[in-house]
Amino acid sequence: MTNRIDIAKKAPKVYRAMIALDAAAREGLDEQLAELVRIRASQLNHCAYCLNMHTVDARKGGETEARIYLLNAWEEAGDLYTEKEQAALRLTEAITVLSSHEYVSDEVYERAAEHFGEEELAQLIALIFTINSWNRIAVSTRKKPDVR
């Protein structure tokens, strides 16, 4: 495999815009919830770089090992995740796994809206599309995780 481009170096304006978008998308959201969303989207997108980064950040933020390990099976984990977190994770999955026959259903959207005010829901949606963009950058450039 040959080395792939470094977006930060070869498209610095785009990279800086992504950094700004990421900062804006995080505003007003609980950081623990945000890390769960980032990890779940990164799992779905098979992004090793982002998975590593966000699991490390989640641990630093006080997230438990059990909740990180079981995130891939959050629906089967019972009440390990709050109803609000479950609504956010369901919305994350719906937005992340778009295809011609799947979409964000009214049921998924309305459940999220029950737990998030309009501004917070807008921020959550922004966070989800931002982590999906980061995942696509890292996966397409085969960015390697910094595992220590």
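Residues numbered from 1 in each chain as written. Predicted model: local features only at pLDDT ≥ 70, side-chain atom pairs only at ≥ 80, totals over all residues. Heavy atoms only, no water.

Going by an unreviewed UniProt entry, the chain carries the name Alkylhydroperoxidase AhpD family core domain-containing protein and comes from Lentzea jiangxiensis.

1. Some thoughts on the overall build of the chain
The helix and strand tally for the chain stands at 8 helices and 0 strands. Seen in sequence order, the chain has helices and strands lined up from the N terminus as α-α-α-α-α-α-α-α. Computed over its C-alpha atoms, the radius of gyration of the chain comes to 15 Å, within 12% of the 15 Å expected for a compact globule of 148 residues. Overall size of the chain, expressed as C-alpha extent along the three principal axes, is 45 × 30 × 30 Å. The buried share of the chain, taken over its 148 residues, is 36%. Relative to all contacts within the chain whose residues are 6 or more apart in sequence, the contacts with residues 24 or more apart total 68%. Accessible surface, the chain: about 8,800 Å² in total, of which carbon and sulfur atoms supply 54%. Of note, the chain has its 19 positive side-chain charges centred 14 Å away from the centre of its 24 negative side-chain charges. (Helix = DSSP H or I, 4+ residues; strand = E, 2+ residues; numbered from the N terminus. Rg over C-alpha atoms; globule rule 2.2 N^0.38 Å. Buried < 20%, exposed > 50% of the residue type's maximum accessible area, 1.4 Å probe, protein only. Contact = heavy atoms within 4.5 Å. Areas by Shrake-Rupley, 256 points an atom, 1.4 Å probe, with all protein chains shown as cover. Lys, Arg positive; Asp, Glu negative; His and termini not counted. Charge placed at Lys NZ, Arg CZ, Asp CG, Glu CD.)

2. What to know about the nonpolar core
By size, the foremost hydrophobic cluster in this structure holds 15 residues, and its most contacted members are Val 37, Ala 88, Leu 91, Phe 116, Leu 121, Leu 124 and Ile 128. When contributions to this core are tallied by element, the ones reaching two or more residues are α3 (31-44), α6 (83-96), α7 (106-115) and α8 (118-140). Once residues lying within four places of it in the same chain are set aside, the contact partners of Val 37 are Ala 88, Leu 89, Thr 92, Leu 124, Leu 127 and Ile 128. Within the second largest apolar cluster, 8 residues are counted, among which are Ile 39, Leu 71, Tyr 81 and Leu 89. (Core = buried A, V, L, I, M, F, W, Y, C linked by side-chain atoms within 4.5 Å.)

3. Structural notes on the side chain of Arg 38
Considering the arrangement of structural elements, one finds Arg 38 in helix α3. Polar side-chain contacts of Arg 38 include one of 3.0 Å to the side chain of Glu 35. For Arg 38, the residues in contact, after removing those within four places along its chain, are Arg 26, Glu 31, His 54, Leu 127 and Ile 131. (Polar contact = N/O pair within 3.5 Å; in protein donor to acceptor, adjacent residues only side chain to side chain.)

4. Digging into the packing of aromatic side chains
Under the counting rule described, the total for this entry stands at 1 aromatic pair. Plain terms: the ring middles of Tyr 15 and Trp 134 are 5.7 Å apart, the flat faces sit at 75 degrees to each other, and that makes the pair edge-to-face. Of this pair, Tyr 15 sits in helix α2 (residues 12-26) while Trp 134 sits in helix α8, and the two are 119 residues apart along the sequence. Judged by its relative accessible area of 14%, Trp 134 falls in the buried class. (Phe/Tyr/Trp six-rings, centres within 6.5 Å; stacked < 30°, edge-to-face > 60°.)

5. Brief notes about the environment of Glu 63
Relative to the helices and strands, Glu 63 is located in the loop between α4 (48-60) and α5 (65-69). As for Glu 63 and Gln 32, which are separated by 31 residues in sequence, their C-alpha atoms are 6.8 Å apart. Sequence-distant contacts of Glu 63, that is, excluding residues within four places in its chain, are made with Gln 32, Leu 36, Ala 58 and Ile 68. At 2.4 Å, the side chain of Glu 63 and the side chain of Arg 67 are in polar contact.

6. So, α6
Its 14 residues give α6 an end-to-end C-alpha distance of 20 Å, which sits within 8% of 20 Å, the value for a rise of 1.5 Å per residue. Along α6, the residues classified as buried are Glu 85, Gln 86, Ala 87, Ala 88, Leu 89, Leu 91, Thr 92, Glu 93, Ala 94, Ile 95 and Thr 96. In this structure, the buried residues of α6 make contact with α3, α5, α7 and α8. (Expected span 1.5 Å × (residues − 1).)

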